[in-house]
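Examination of the molecular architecture
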Amino acid sequence: MDLTYSPKERAFQAEVRAFLAEALPPDIAAKVAARRELGKAEMDRWHAILNAKGWLAGPWPKAFGGQGWGPVESHIFEEECCRANAPRIVPFGLKMLAPVLMTYGTPAQQAEYLPRILDGRDWWCQGYSEPGAGSDLASLKTRAVRDGDHYVVNGQKTWTTLGQHANRIFCLVRTRTDGKPQEGISFLLVDLDTPGIEMRPIRLIEGGYEVNEVFFTDVRVPVTNLVGQENEGWTIAKFLLGHERTNIAGVGFSLQALEQVKALACRVTRGGKPLIRNPLFAARLAAVEAELEAMRITNLRMLDRAARGGRLTTEPSMLKIKGTVIRQAINDLARRALGPAAAPFPSEDLEANLQIAPEGHARNAASYFNNRKISIYGGSNEIQRNILAKGLNS
Amino acid sequence: MDFSISDDRRMLTDTLRRYLFEQYPVDHRTRVAYAAPFHDPAQWAALAGLGLFHALAPEDRGGIGGTGFDVAVVFEELGRALCPEPVLGQLMAIRLTLAAGGDLEPLLTGETRAAVALDEAEAGWDLDALTTRAADGRLTGRKTVVYGGAGADRLLVAAAGPGLWDVAAGDAEVAGYGMIDGGPAAEVFLDATPASCLIPEARAALEEARDWAALALSAEALGAMEAAFAMLTDYLATRKQFGQPIGTFQALQHRAVDLAIEIEQARSIVILAASAMDTPERAKRVSQAKHLVGRIARQVAEEVIQMHGGIAMTWEYPVSHYAKRLVMIDHQMGDSDWHLERLMGMLEAG
Ligand SMILES: Cc1cc2nc3c(=O)[nH]c(=O)nc-3n(C[C@H](O)[C@H](O)[C@H](O)COP(=O)(O)OP(=O)(O)OC[C@H]3O[C@@H](n4cnc5c(N)ncnc54)[C@H](O)[C@@H]3O)c2cc1C
């Protein structure tokens with residue numbers, strides 16, 4: 001057994017690291033490290049830098065302008081990005097819609113949309129969830145009724161992440177009301193400038209703005225915007241769920257977050273000693289590190305299997321559960337480590353003028369609260385357990 | 001044995017609960033708690049008028065209560081309503097003024113609003129590590145995250161020693177801000193600031209006041225967790241997915257039941273601590289309460305969010321604000337680990 005990367009993979013890792021050291025703008029990295037919200041301009045800037053290098057869509061096949069990275073290379077790239085405090089690549093166009101178009105889209109759709117995803121002309125958001133359809137996504141009600149060359153869309157989507165920056169949304173819509181709910185769903189591309197669409201912000205628990213509600217009133221969408229066949233949307237949604245799951249554990253995020261907590265615990269004091277020497281806190285830190293190391297290896301075992309062409313069944317659900325719980329535990333420690341200084345409502349003004357928490361840590365409580373989302377979205381941890389339980393019985 | 005609440009206290013609880021329910025509904029709370037002055041001064045005056053602060057002080061000193069149970073029931077109701085009024089500072093000021101033999105009246109009427117400045121950036125919750133210095137009746141140093149500090153009239157400041165000093169808020173540089181879970185706080189900058197010494201050797205008084213505050217916070221968490229749990233059970237019964245209420249899924253039922261068990265534990269330890277406030281067991285019982293409640297409050301907050309799903313992640317839905325308060329209470333007056341260490345130190349003493 002060999003737990004290390006191959007020489008070729010190590011060379012790639014070194015190449016990524018060197019590139020990031022040179023190309024990642026320090027102002028952006030500093031914001032990511034301090035967990036501050038990035039603006040659209042900053043995300044676009046980073047995407048453009050990656051695109052110029054050809055690494056924005058590394059996992060895409062070469063034919064579509066990618067590098068054809070396998071699971072291990074993709075993983076190395078993500079891990080290094082986290083280590084360097086690079087922003088997360090906004091996934092909706094690049095990692096969600098693109099694979100769908102490559103598999104189910106017409107050549108015309110591929111030719112029209114894929115280049116626009118790469119160069120940033122299009123910013124996509126994901127319109128799946130509805131107020132009444134969360135875990136039970138198949139119960140979605142947003143209707144698309146055929147009217148000549150158009151679908152007329154009525155209904156509401158919600159939780160639309162970064163919709164405020166988007167110009168397009170890919171939606172699951174209901175095109176048939178009889179039969180099984182799963183069999184009446186279609187996958188539709190919608191231009192957000194179409195009349196009848198209204199987007200409203202949802203403010204999150206810690207005060208941030210990253211999700212939206214989207215209302216559709218008699219929105220006319222050309223039938224050419226249908227992806228795949230009518231009523232084939234559920235198959236596409238399931239395809240997407242099975243795709244790009246190699247980073248589902250978020251190991252890179254957790255490793256980076258753990259390093260930050262360790263550094264913080266060396267810096268802050270309790271009872272006149274560095275917090276890292278406090279036995280209770282140190283025990284928590286050491287315990288979560290052991291968990292994280294185990295998960296890192298689980299993740300690599302899964303990557304190796306995927307790279308050898310093996311089919312992943314239960315692993316993504318296991319990694320989603322364990323990965324989110326570990327990340328949340330690290331966020332919890334980052335908040336605790338601050339003691340009294342965790343309490344202020346963070347603002348740039350406060351950070352600049354009063355510096356209550358050590359630099360870069362003023363948002364630790366806010367990100368602890370915000371990251372409660374990771375065990376809810378993308379299929380809640382309860383839903384993942386249901387999937388695993390079914391696997392046990394079959 | 002009798003675990004029933006006395007009639008007087010029942011009246012106080014009922015009055016306060018009804019008042020807060022009607023006059024301080026959670027949407028009003030959310031409006032005032034996150035924008036300067038981070039509470040509602042009119043409500044502060046109204047609560048004083050209800051006799052809230054009198055309930056925190058003993059009868060022989062002009063109050064109408066002042067026992068552990070009085071403090072616990074008041075704060076339980078404040079927690080249930082998620083009330084952001086800075087009552088905690090007033091309670092501590094009352095205890096410290098009692099210890100100093102001073103005049104309670106302005107505190108009891110609410111005419112004077114006081115905040116107690118204990119923590120410093122390097123010292124955390126450790127009274128031995130304070131660096132604020134006193135010389136010639138003047139204080140120099142920086143006190144951090146002073147709860148209720150913004151807008152307070154008087155600051156009771158713990159300086160190295162520790163000693164306790166009284167500072168008129170206008171003499172210090174007070175930089176106010178709001179907290180992530182709502183309510184006012186401040187950084188207090190003292191630079192040869194005139195101060196009068198209240199208690200030169202103040203360790204015992206400060207520890208006692210902090211124990212009262214820890215009891216109050218534990219009771220506040222108890223009220224808040226009961227309210228959050230009630231919202232959860234309502235939601236489990238009404239939210240439908242897969243054609244049925246989500247509360248019919250056993251995976252959620254068992255966890256909701258676990259929370260109910262933990263909340264009973266929290267209630268019991270708060271009762272135990274409240275009963276011990278005027279006994280030699282005070283420190284031990286308070287630390288047991290604050291330790292246990294700190295852990296349970298976080299569990300309740302995290303589970304209540306998770307079992308609601310996305311809706312509990314929103315500012316709009318009150319559960320999110322309860323969850324924040326439940327977690328952040330652990331950052332006041334020693335967290336669950338701090339109190340656990342204190343308990344560990346008492347083990348051999350019995
Ligand atoms: C910050 C954030 C960003 C998001 N971004 C997007 C986005 O960009 N696009 C998008 O389409 N969606 C997005 N979502 C929506 C997300 O996918 C849903 O929140 C998620 O599917 C859960 O649905 P729900 O919130 O309606 O909870 P519900 O489905 O109502 O679930 C409530 C609770 O019941 C549990 N539960 C439900 N069914 C079962 C069962 N059968 N057995 C046991 N337990 C069960 C759940 O696990 C949860 O604990 C986002 C959500 C959040 C919070």
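Residues numbered from 1 in each chain as written. Chains lettered and ligands numbered in written order. Predicted model: local features only at pLDDT ≥ 70, side-chain atom pairs only at ≥ 80, totals over all residues. Heavy atoms only, no water.

Quick look at the pairing of strand S6 (residues 173–178) of chain B now. Residue and element names in this part refer to chain B. The sheet contact formed by S6 and strand S7 (residues 184–194) spans 6 bridges and is antiparallel. Counterpart to Tyr177 in the pairing with S7 is Ala185. Count of turn residues in the S6/S7 antiparallel hairpin: 5 residues, of which Gly182 carries a positive phi of about 90°. (Pairing = 2+ DSSP bridges. Helix = DSSP H or I, 4+ residues; strand = E, 2+ residues; numbered from the N terminus.)

Residues and elements named next belong to chain B. One can read the domain layout of chain B as domain 1 (7–108), domain 2 (114–201) and domain 3 (204–349). On a C-alpha basis, the centroid separation for the pair domain 2 and domain 3 is 28 Å. Each side of the interface is counted separately: domain 2 has 10 residues, and domain 3 has 14 residues. Between Arg325 and Asp181 there is a salt bridge; the shortest N-O distance is 2.7 Å. One can count 2 residue pairs in polar contact (both at pLDDT 80 or more) joining domain 2 with domain 3. Grouping the constituent residues of the side of domain 2 that touches domain 3 by class yields 9 nonpolar, no polar and 1 charged. (Domains from an automatic or database assignment. Contact = heavy atoms within 4.5 Å. Salt bridge = Lys/Arg side-chain N within 4 Å of Asp/Glu carboxyl O. Polar contact = N/O pair within 3.5 Å; in protein donor to acceptor, adjacent residues only side chain to side chain. Nonpolar A, V, L, I, M, F, W, Y, C, P; charged D, E, K, R; others polar.)

Glancing now at the UniProt feature "domain: Acyl-CoA dehydrogenase/oxidase C-terminal" (unreviewed entry) in chain B. Taking the UniProt record as the reference, the feature "domain: Acyl-CoA dehydrogenase/oxidase C-terminal" (unreviewed entry) is found at residues 211–331 of chain B. Between the end C-alpha atoms of residues 211–331 of chain B the distance is 15 Å, and the span holds 75% helix and 3% strand. (UniProt positions renumbered as here; feature names shortened; annotations may be inferred.)

Contacts to the ligand come from 29 residues, most closely from Ser135, Thr161 and Ser380 of chain A together with Arg239 and Gln306 of chain B. At the ligand, the nearby residues belong to more than one chain, namely chains A and B. In this structure, a nitrogen atom belonging to the ligand sits 2.6 Å away from a side-chain N or O atom of Thr161 of chain A. In the environment of the ligand, a nitrogen atom lies 3.1 Å from a nitrogen or oxygen atom belonging to the side chain of Asn386 of chain A. Coverage of the ligand by the protein amounts to 94% of the 980 Å² it exposes when considered alone. When the residues that make up the shell around the ligand are grouped by side-chain class, the tally is 12 nonpolar, 14 polar and 3 charged. (Near = heavy atom within 4 Å. Areas by Shrake-Rupley, 256 points an atom, 1.4 Å probe, with all protein chains shown as cover.)

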